[in-house]
Amino acid sequence: MKKGILLLMCSLLYSGLCIGQEQSRDTVVDKPERPAFESSYLIDNPTNILFNKKTLEIMMSHRFGLINGGTNDLAGIWGSANIRIGATYAVHDRLTVGFGTTKFKRFQDFNWKAALLEQTRSGKIPVSVSYYGNWAIDARKKGNNRFPTVQSRYSFFHQLIIARRFNRNFSMQIAPSVSHFNLVQPRMRNDVIGLAVGGRYKISPQTSILIDYAKPFVHHLNGDELDMDPKPGFSIGAEFATSGHAFHLFISNLSGILPQENYMFNTNDFFKGDFLIGFNITRKYNF
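Definitions and limits used
Along each chain, the written sequence defines residue order, and numbers are assigned to residues from 1. Reporting in this predicted model follows two pLDDT cut-offs: at least 70 for local features of residues, and 80 or more for side-chain atom pairs to be given and counted; totals over whole chains, interfaces and linings ignore these cut-offs and use all residues. The basis for the side-chain values is all heavy atoms of the structure; hydrogens and waters are excluded. Secondary structure counts use DSSP, requiring at least four H or I residues in a row for a helix and at least two E residues in a row for a strand, with both numbered from the N terminus. Any two residues whose heavy atoms approach within 4.5 Å are treated as being in contact. Under the convention used here, a 1.4 Å probe and the Shrake-Rupley method define accessible areas, while residue burial counts only the protein chains that appear. Relative accessibility decides the category of a residue: with a 1.4 Å probe and only protein chains considered, values under 20% of the type maximum give buried, values over 50% give exposed, and everything between is partly exposed. Here, a strand pair is defined by DSSP locating no fewer than two bridges between the strands. Any two of the Phe, Tyr and Trp rings considered here, Trp counted by its six-membered ring, make a pair once their centres fall within 6.5 Å; the pair's planes then place it as stacked at under 30 degrees, edge-to-face at over 60, or tilted in between. Counting as a charge over the ring demands two things of the Lys NZ or Arg CZ atom: a distance within 6 Å of the ring centre and an angle within 35 degrees of the ring normal. For cavity detection a 1 Å grid was placed over the protein atoms alone, and a set of points counts as a cavity when a 1.4 Å probe fits there but cannot get out; an open set counts as a pocket when protein lies on both sides within 12 Å along at least five of seven lines, with lining residues being those that have an atom within 4 Å of a point. Grid points are joined across faces, edges and corners, and a volume is the space filled by probe spheres set on the points. Residue polarity is assigned by list, with Asp, Glu, Lys and Arg as charged and Ala, Val, Leu, Ile, Met, Phe, Trp, Tyr, Cys and Pro as nonpolar; anything else, Gly included, falls into the polar class. The salt bridge criterion pairs a side-chain nitrogen of Lys or Arg with a carboxyl oxygen of Asp or Glu, the two atoms within 4 Å.

## Focus: the overall build of the protein
Helix and strand content of the protein: 2 helices and 14 strands. Taking the intrachain contacts of the protein between residues at least 6 apart in sequence as the baseline, contacts between residues at least 24 apart amount to 56%. Per element, the accessible surface of the protein, about 15,800 Å² overall, is 62% carbon and sulfur.

Written as structure tokens, this is what we have:
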């Protein structure tokens, strides 16, 4: 009798342990993959990166003048430069809001980014998906019928960013977008569809090679080509990153900094020698 009771207790204990192990396996959380990029920008286009709640990111972007061998401009450094200073704040782990001011056209932009999907380490979710948008105001003074209404100053940008971290060294993203200007020149469309493709390859723990390509589509009406048809943007450079900041040094044919300006108005052709030197600096603060 005693042996029967002891066997019954052992069997119940063994069954309980097996059930507990099965429950623990079922409740294991599939962790998100590590970030695909270090910075919230991949040279000229936003990345899918969002920071932890209460993180403040300060960013300075600088584009020197076009390099022109026919003039003494010291590789564009003495030329006309474009600068943007901006800040973004993570109000949630999946949402950031920000503001920036740009030298060219005196753009004042309000921007936001939201995480829609996160890549998981198991591969169950193979990519991360984020949405980025901004609303910019051209703050230049009136003149030459430049701004007939207040709304004429407004432009907008919307982009869906699909990114994947393939391994610890290599990440890529593809990002379709729509750029809109309320006021454009005759025979120009107010909206331009674009597609950006970019990637990062780490060559050391702190150093990476970056490539960023942006192609605008369908810019003019009635099949009429314009002299100012936008050219694709191409940038290549290096990233030097730590846990708190990232520094990009690159060459590019994009003198604009706001993405909708580049997709709509870029006339520089990288492969015909129209390029410049630029850099981005970002710094994160955790509160």
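## Overview of the side chain of serine 40
Tracing the chain through its elements places serine 40 in the loop between helix H1 (2-26) and strand E1 (41-42). Of the residues examined, serine 40 reaches a relative accessible area of 8% and is grouped as buried. Not counting chain neighbours up to four residues away, the residues in contact with serine 40 comprise Pro46, Thr47, Ile49, Phe51, Glu57 and Lys113.

## Points about the pairing of strand E11 (residues 207-217)
As paired elements, strand E10 (residues 191-202) and E11 share 10 bridges and run antiparallel to each other. The residue of E11 that forms the bridge with glycine 199 is isoleucine 211. Adjacent in sequence and paired antiparallel, E10 and E11 are bridged by 4 residues. Across 8 bridges, E11 lies against strand E12 (residues 233-241) in antiparallel orientation. Residue pairing across strands places leucine 210 opposite glycine 237, the latter belonging to E12.

## So, the environment of glycine 273
Mapping glycine 273 onto the fold places it in the loop between helix H2 (259-265) and strand E14 (276-286). Glycine 273 sits in the partly exposed class, given a relative accessible area of 32%. Distance in space between the C-alpha atoms of glycine 273 and asparagine 253 is 8.6 Å, their sequence separation being 20 residues.

## Considering the packing of aromatic side chains
By the definition in use, this model includes 14 aromatic pairs. Seen in terms of ring centroids, phenylalanine 110 and tryptophan 135 are 5.6 Å apart; in terms of plane orientation they differ by 25°. Their pairing is stacked. Of this pair, phenylalanine 110 sits in strand E6 (residues 107-117) while tryptophan 135 sits in strand E7 (residues 128-138), and the two are 25 residues apart along the sequence. Under the relative-accessibility criterion, phenylalanine 110 is labelled partly exposed at 35%. Measuring from centroid to centroid gives 5.6 Å for phenylalanine 270 and phenylalanine 275, while their planes differ by 40°, and the two rings are tilted. In this structure an aromatic cluster arises from ring pairing among Phe64, Phe240, Phe247 and Phe279. The aromatic ring of phenylalanine 217 is capped on one face by lysine 215, whose charged end is 5.9 Å from the ring centroid.

## Some words on empty space enclosed by the protein
A full pass over the atoms with the stated rule returns 4 cavities of 30 Å³ or more. Reported here for the largest cavity is a volume of approximately 160 Å³. In terms of lining residues, the largest cavity is bounded by 16 residues, among which Ser40, Tyr41, Glu57, Thr88 and Asn111 are the most central. Contributions of two or more residues to the lining of the largest cavity are made by strand E3 (55-66), strand E4 (82-92) and E6. If you tally residues by element for the lining of the largest cavity, the top one is E4, at 4 residues. For the lining of the largest cavity, the class distribution of residues is 8 nonpolar, 5 polar and 3 charged.

## Considerations on the layout of surface pockets
Of the pockets and cavities examined, the largest pocket occupies roughly 710 Å³. Forming the walls of the largest pocket are 27 residues, and the residues nearest its centre are Glu33, Arg34, Pro35, Ile49 and Leu50. Of all the secondary structure elements, the ones that give two or more residues to the lining of the largest pocket are E6, E7, E10 and E14. Looking at the lining of the largest pocket, its residues break down into 9 nonpolar, 7 polar and 11 charged. By volume, the second largest pocket amounts to about 310 Å³. If you trace the second largest pocket, you find 15 residues lining it, with Lys105, Asp138, Arg140, Leu183 and Phe265 closest to the centre. For the lining of the second largest pocket, the per-class residue count stands at 8 nonpolar, 2 polar and 5 charged.

## Let's talk about the pattern of salt bridges
All chains considered together, the criterion is met by 8 salt bridges. A salt bridge links arginine 165 to glutamate 33; the nearest nitrogen and oxygen atoms lie 3.3 Å apart. Of this pair, arginine 165 sits in strand E8 (residues 154-165) while glutamate 33 sits in the loop between H1 and E1, and the two are 132 residues apart along the sequence. For glutamate 261, the salt bridge is made with lysine 105, and the minimal N-O distance between the two is 4.0 Å. On the criterion of sequence distance, the pair formed by glutamate 261 in helix H2 and lysine 105 in the loop between strand E5 (95-102) and E6 is long-range, its members being 156 residues apart. The class of lysine 105 is partly exposed, set by a relative accessible area of 24%. Through salt bridges with shared partners, one network takes in Glu38, Arg200 and Glu239.

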